[in-house]
Amino acid sequence: MKFSCHVQTRISDYRIAKDLEDWGYDACWFPDTQMMWSDCYATMALAAQCTSTIKIGTGVAITGTRIAPTTAAAIASINVLAPGRTFLGIGTGHTAMRVMGQDPMPVKEFREYLRVVRSMLKGENVDYTYRDKTTEIAWQNHASGVRNTFDHIPIYVAANGPLALRAAGAYGDGLISIFNEQPEVMKANLDLVGAGAAKVGRTLDESYHTTSLCHAVVLRPGETLSTPRVIEAAGSWVVTALHFVYEVWRYVQDDSVIPGYMKNVWEQYLERVRNIPLPEDKQHQLLHEGHCSYYPAVERALLTPEMIEGTCITGGPSEVAEKIRAAERAGLREVSLLPPMMYLREIAREFAREVIPRI
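Structure report, in brief. (Residues numbered from 1 in each chain as written. Predicted model: local features only at pLDDT ≥ 70, side-chain atom pairs only at ≥ 80, totals over all residues. Heavy atoms only, no water.)

Here we take up the overall build of the chain. A tally of helices and strands in the chain yields 13 helices and 12 strands. Its C-alpha radius of gyration of 20 Å places the chain within 12% of the 21 Å reference for a compact globule of 359 residues. Considering only residue pairs separated by 6 or more positions, the chain has 74% of its internal contacts joining residues 24 or more positions apart. Carbon and sulfur atoms provide 52% of the accessible area of the chain, an area that totals close to 16,000 Å². Positive and negative charge centroids in the chain, built from 36 and 41 side chains respectively, lie 3 Å apart. (Helix = DSSP H or I, 4+ residues; strand = E, 2+ residues; numbered from the N terminus. Rg over C-alpha atoms; globule rule 2.2 N^0.38 Å. Contact = heavy atoms within 4.5 Å. Areas by Shrake-Rupley, 256 points an atom, 1.4 Å probe, with all protein chains shown as cover. Lys, Arg positive; Asp, Glu negative; His and termini not counted. Charge placed at Lys NZ, Arg CZ, Asp CG, Glu CD.)

This part is about helix 13 (residues 344-354). Regarding helix 13, the residues found buried are Leu 344, Ile 347, Ala 348, Glu 350, Phe 351 and Ala 352. In this structure, the buried residues of helix 13 make contact with strand 1 (2-6), helix 1 (16-22), strand 10 (216-218), helix 8 (228-252), helix 12 (317-329) and strand 12 (334-337). (Buried < 20%, exposed > 50% of the residue type's maximum accessible area, 1.4 Å probe, protein only.)

Before going further, it helps to examine the pattern of salt bridges. Throughout the structure, instances matching the rule amount to 25 salt bridges. Between Arg 66 and Asp 32 there is a salt bridge, with its nearest N and O atoms 2.8 Å apart. Of the two residues, Arg 66 is situated in the loop between strand 3 (55-62) and helix 3 (68-81) and Asp 32 in the loop between strand 2 (27-30) and helix 2 (40-49); the sequence distance between them amounts to 34 residues. Judged on exposure class, the residue Arg 66 and its partner Asp 32 are both buried. With a shortest N-O distance of 2.7 Å, Glu 223 and Arg 229 are connected by a salt bridge. For Glu 223, a relative accessible area of 16% gives the class buried. Through salt bridges with shared partners, one network takes in Arg 10, Asp 13, Asp 19 and Arg 345. (Salt bridge = Lys/Arg side-chain N within 4 Å of Asp/Glu carboxyl O.)

Turning to a nonpolar patch on the surface, a few remarks are in order. Taken together, the side chains of Tyr 251, Val 252 and Val 257 present a nonpolar region at the surface, about 300 Å² in accessible area. By the element assignment, Val 257 lies in the loop between helix 8 and helix 9 (263-274). Under the relative-accessibility criterion, Val 257 is labelled partly exposed at 30%. (Patch = residues over 30% accessible without salt bridge, like charges linked within 9 Å, V, L, I, M, F, W, Y side chains within 5 Å.)

Here it is as structure tokens:
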């Protein structure tokens, strides 16, 4: 089992990667959400320069905001600075696009994007279509040190829906998904990944990497899920999961997508959305307020024990360790925590000290 953190991409705090390296983490993921955080590639370049062993990658790169050759060039540039420890997490842009009032990239386009990037990172010429014109593109080799496509850059595809999961099997070296730490979710996801691989003639083996983007709340002696410290530690991830489910529900208009632990707060959250103090065509500016960094004060009442338990890995150190071991038995290979910005170092350090040695 590998352990990593997703960190809020704040360029002034790029040394967080060095802290995680010192605490024994295997990887540091930098999100790519333009309306919220710093540019991920600029931040990764600095992080690469101050580290030596930890893997560094996008968590995840957004296809809708950069054309495929630009993404390939960006991550291959980071691979010059961190050769062999660079990876590309990539997704259609659920939040990054939603906060601009736009939709994520359709999966058909996403598959084509992955095909182009995968070929380019192998150093291959590839047919590329831009504005309905298809041409073959090839890297231009002006000098050494421009890019590194010799040291393999794994592509980890972010996917939760069936079509995206199949695309992850067709073109990815691994899968990153939320709720993968739940064994039943892991199994269902891997079945779809395998089907996608089989359709293009791929056979996936043990090298196919699986990551859960999640959060763990380690209880200290005497604490419960109602303890103020626990609520603060869990809050940003809990409301992020709620926002994610809401976007899915809004699209499909099907109550079956609402997890049982959310149902007691669902109407309260819908009322919160109805009261967003902006016209409907601008509500996207506040709908994901605080995304993964903090929770809006107006959503504090939604942080119930049921919501914390349903969205986070919870319990004392040994209990959290056992839940992660169960996920490993189901096929999970990496747990990637996403703590709130204010408490990131405290939570990451405590997890490294109290949980990782037990696994």
